[in-house]
Amino acid sequence: MKKSLQVFAGVCALITLVALNGFAQSKKIVLGFSQIGAESEWRTANTDSIKAAAAAAGIELKFADAQQKQENQIKAIRSFIAQKVDVIAFSPVVETGWETVLQEAKRAKIPVILTDRAVAVKDDSLYVTFMGSDFVEEGKRAAVWLMGYLHTDKPVNIVELQGTVGSAPAIDRKRGFEEMLKPFPNYKIIRSQTGDFTRAKGKEVMEAFLKAEGKNINVLYAHNDDMAIGAIQAIEEFGLKPGKDIIIVSVDAVKGAFEAMIAGKLNCTVECSPLLGEQLMAAVKDLVAGKSLPKRIVTNEGVYPAEFAAQVFPSRKY
């Protein structure tokens, strides 16, 4: 009788173990993601990629739109910590001011992934990996294309539409562009101002540039395509031909930029792919499985001059 009870107890324990194991395997991974906002075509495509990839991967996504405000992102991250999500990912609005909330996530033992934009923190153990583009390289590519396109020793006056003040892409795209121009003093940035990565602000700032400089402007360098597209409207309203009277190079390679190139109004766009969803979900699964990730995951991207726009446009996904 005693032996039978022991066998019965063992069978019950085995059934319980199998059931618990099955529950553990079926339990959904929960990812908390804080997005910057919806300020551009690029950002919308980035959001769509993340949502679609989470659904395809069977990951429960808790999504928060920060509307381009850092305080909203910090609130969202604290909410994710309180909800005890498995992983937190976010695209930071600006580089600085994250130490406190990231320390809170670390104390809660919730790993953090940075996507698209980096943060400036003294302790880089506060995040696991940064996944996205090399913004400095994008700025360099824009400058290299420009110098190769113009190929001149004559003075070249450039106006620059910067991204959001304090953001990683704005800082790095400016730095990379200036680094490449430095040995060539005939290329001079005569005006530089933020356009907040939006079409409306890009148009507004370009209007101010034109009012101040007029036909003295040879080149527009925009930190994203949306600002360039807004600026194109301002240039046309001023009575000049974008892409001819003012050479335009921008960053992102969204469909709107290809349409502008096909129309002869934009000369080149440097790619910055927003399609990070699948890569992010793979990284989330690896983290939950206990695997290690490299500290930096760089996406592969290209440069698209106007002469290739019509050929490439049909294959663009964003």
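All figures in this text were calculated on a predicted structure; none of them were measured in a lab.

Student: So what's going on with the overall build of the chain? Which residues, and what values?
Tutor: The number of helices and strands found in the chain is 11 helices and 12 strands. Within the chain, the fraction of its 318 residues that count as buried is 51%. Counting only contacts in the chain whose residues sit at least 6 apart along the sequence, the fraction spanning at least 24 positions is 74%. In the form shown here, the chain has an accessible surface area of approximately 15200 Å², with 55% of it arising from carbon and sulfur atoms. Averaged over its 40 positive side-chain charges, the chain has a centre that lies 6 Å from the centre of its 37 negative ones.

Student: Quick one: what's the story with the pattern of salt bridges, residue by residue and with numbers?
Tutor: Under the defined criterion, the tally for this structure stands at 23 salt bridges. Salt-bridge contacts for Arg43 lead to Glu39; the nearest nitrogen and oxygen are separated by 3.2 Å. Of the two residues examined, Arg43 and Glu39, each falls in the buried class. Note that Arg173 and Asp252 form a salt bridge whose closest N and O atoms lie 3.8 Å from each other.

Student: Mind laying out the pairing of strand β8 (residues 219-222), listing which residues take part and the relevant values?
Tutor: What you see with β8 is no split at all: Val219 and Tyr221 on one side and Leu220 and Ala222 on the other are buried throughout. Pairing of strand β6 (residues 156-162) with β8, which is carried by four bridges, proceeds in the parallel orientation. When the bridges of β8 are listed, Ile158 appears paired with Val219. Pairing geometry for β8 and strand β9 (residues 247-252), over four bridges, is parallel. Along β9, the bridge assignment pairs Val219 with Ile247. Regarding topology, helix α8 (residues 225-238) serves as the crossover connection from β8 to the parallel β9, and that connection is right-handed.

Student: Tell me what's going on with the sheet that holds β6, and back it up with residues and numbers.
Tutor: Strand order in the open sheet made by the six strands is β7-β6-β8-β9-β10-β12, with mixed pairing throughout. Two strands lie at the open edges of the sheet, namely β7 (187-194) and β12 (303-305), each paired on one side alone. Recorded for the sheet is a direction-independent mean angle of 15° between the axes of neighbouring strands. Bridge analysis of strand β10 (residues 268-271) against β12 gives three bridges, and the strand direction is antiparallel. Within β12, the residue paired with Thr269 across the bridge is Tyr304. Here α8 sits on the sheet and contacts β6, β8, β9 and β10; the angle it forms with β9, its principal contact strand, is near 155°.

About the criteria used
Residues numbered from 1 in each chain as written. Predicted model: local features only at pLDDT ≥ 70, side-chain atom pairs only at ≥ 80, totals over all residues. Heavy atoms only, no water. Helix = DSSP H or I, 4+ residues; strand = E, 2+ residues; numbered from the N terminus. Buried < 20%, exposed > 50% of the residue type's maximum accessible area, 1.4 Å probe, protein only. Contact = heavy atoms within 4.5 Å. Areas by Shrake-Rupley, 256 points an atom, 1.4 Å probe, with all protein chains shown as cover. Lys, Arg positive; Asp, Glu negative; His and termini not counted. Charge placed at Lys NZ, Arg CZ, Asp CG, Glu CD. Salt bridge = Lys/Arg side-chain N within 4 Å of Asp/Glu carboxyl O. Pairing = 2+ DSSP bridges. Right-handed = clockwise from strand over helix to strand, strands pointing away. Axes fitted to C-alpha atoms, helices over the stretch in contact; angles between N-to-C directions.

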